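# A look at the structure
Below are the chains, spelled out letter by letter.
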Amino acid sequence: MHTETLVRGWSDLQPNSIRAYTSALRKALQVIDAPWQSHAGLRSPVKGSPRNVVVPDDDTEAMLATAPPWLAFAILLSRDAALRTGTVVRLTRQHINGQYIRAPTKRGARTNVPLTPRLALMIDAALAHATADDEPLVYALGMPRRWKAQSPTRTQHERAAETYRRSIRQLRQRLGLTDGWTPHDLRRTAARALYNNTGDLRDVQQLLAHRNLPQSLWYLQDAFHELRPESLTTPT
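In this report, we go over the structure that sits alongside the text. No experiment lies behind these values; they were computed from the predicted model shown. (Residues numbered from 1 in each chain as written. Predicted model: local features only at pLDDT ≥ 70, side-chain atom pairs only at ≥ 80, totals over all residues. Heavy atoms only, no water.)

## Topic: the pairing of strand β2 (residues 100–104)
To be explicit about the condition: Each residue is placed in one exposure class: buried if its accessible area under a 1.4 Å probe, protein chains only, is under 20% of its type's maximum, exposed if it is over 50%, and partly exposed if it falls in between. Starting at the N terminus, helices and strands are each numbered in turn, a helix being any DSSP run of H or I of at least four residues and a strand any DSSP run of E of at least two. Two strands are said to pair when DSSP picks up at least two bridges between them.
Side chains I101 and A103 project from β2 onto a buried face, and the interleaved Y100, R102 and P104 project onto a face without burial. Of the pairings in the sheet, the one linking strand β1 (residues 96–97) to β2 comprises two bridges and is antiparallel in character. When the bridges of β2 are listed, I96 appears paired with I101. Taken together, β1 and the strand that follows it, β2, pair antiparallel across an intervening segment of two residues, in which G98 is found at a positive phi of about 65°. Linking two consecutive strands that pair antiparallel, namely β2 and strand β3 (residues 110–114), is a turn of five residues; a positive phi of about 90° is found at G108 within it.

## Details of the packing of helix α4 (residues 69–79) against helix α8 (residues 156–175)
In plain terms, the rule: A fitted line through C-alpha atoms serves as each axis, taken over the contacting stretch for helices, and the angle formed by two N-to-C directions is quoted from 0 to 180°. Each angle gets one of four labels, with under 35 degrees taken as roughly parallel, over 145 as roughly antiparallel, 65 to 115 as roughly perpendicular, and the rest as oblique. The contact rule is simple, with two residues in contact once any of their heavy atoms fall within 4.5 Å. When residue character is reported, Ala, Val, Leu, Ile, Met, Phe, Trp, Tyr, Cys and Pro are called nonpolar, Asp, Glu, Lys and Arg charged, and the others, Gly included, polar.
Running from N to C, α4 and α8 cross one another at 100°; their axes reach a closest spacing of 11 Å. Comparing the axis directions of α4 and α8 gives the class roughly perpendicular. Together, W70, L71, A74, I75 and S78 of α4 and T163, Y164, S167, I168 and L171 of α8 make up the contact between the two elements. Considering only residue class, the contact of α4 with α8 consists of seven nonpolar, three polar and no charged.

## Re the pairing of β3
Only one face of β3 is buried, namely the one carrying T111 and V113, since none of R110, N112 and P114 on the opposite face is buried. Relative to β3, β2 runs antiparallel, the two being bridged by five bridges. Residue Y100 lies in a different strand from β3, and its bridge partner there is P114.

## Quick notes on the environment of Y139
Tracing the sequence through the fold places Y139 in helix α7 (residues 137–140). A C-alpha to C-alpha distance of 9.7 Å links Y139 and T92, two positions 47 residues apart in sequence. Among all residues touching Y139, those that are not within four sequence positions of it are P144, R145, Q156 and A160.

## With respect to the nonpolar core
Looking at soluble globular proteins, one finds that nonpolar side chains tend to be buried together. The line we're drawing: We define the nonpolar core as a collection of buried residues of types Ala, Val, Leu, Ile, Met, Phe, Trp, Tyr and Cys that are connected through side-chain atoms lying within 4.5 Å of one another.
The biggest cluster of nonpolar side chains holds 43 residues, and the ones touching the most others in it are F73, L83, I101, L119 and Y164. Contributing elements (two or more residues each) for this core: α3 (57–66), α4, β2, α6 (117–129), α7 and α8. Element by element, the count of residues in this core is highest for α4, at eight residues. Those residues in contact with Y164 that sit more than four places away from it in its chain are W70, L71, A74, I75, S78, T85, V88, V89, M143, P183 and L186. Within the second largest apolar cluster, twelve residues are counted, among which are V204, L208, W218 and L220.

This is the structure:
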């Protein structure tokens, strides 16, 4: 299979053709990732359309400058380390290994995420305030334990994730920033920034700890016109 054929003429597509073409490319990538699978066994994409939301750097910096320490820490974990919201609020001392975060993945594995200098400083501050090895570091930096409106039936991590999303929304509104983006969009922004820097879809896959390339491609559908054929080839 020639991946160049898949991306040739991409920029000439009309908007209403993008989704159908995307589905075909996702299936092709599944073949590239798992050549032993038969075509009949390939699953169709389950999502109707992606959230092509990239958070402007100015928005991120404005929030970091005014957010309380725990929220600034959470933002950096989402933006610099591309962690999922659920991982951000679960991160403890046990997940820190020198200059890396040993981040848990959805499939139960661990992936090493390097620390940026500013994130390393926040990690040091969180570790200094943590009172137990299993205490989430966002709590060590002052994250509220519970909002009054939260359901008492939710788990601690579910309440923490809700607190993070709500705090982002409130601060964004207070600063008059771009409406509509969420903590997960910071993860998507990190993926797009990495692809812009390296042009390698495999790097994005590793950062996001995805099982296969189609999952990572989902985060980059707003950059299809920039997709490079060499980034889709199977490494030798």
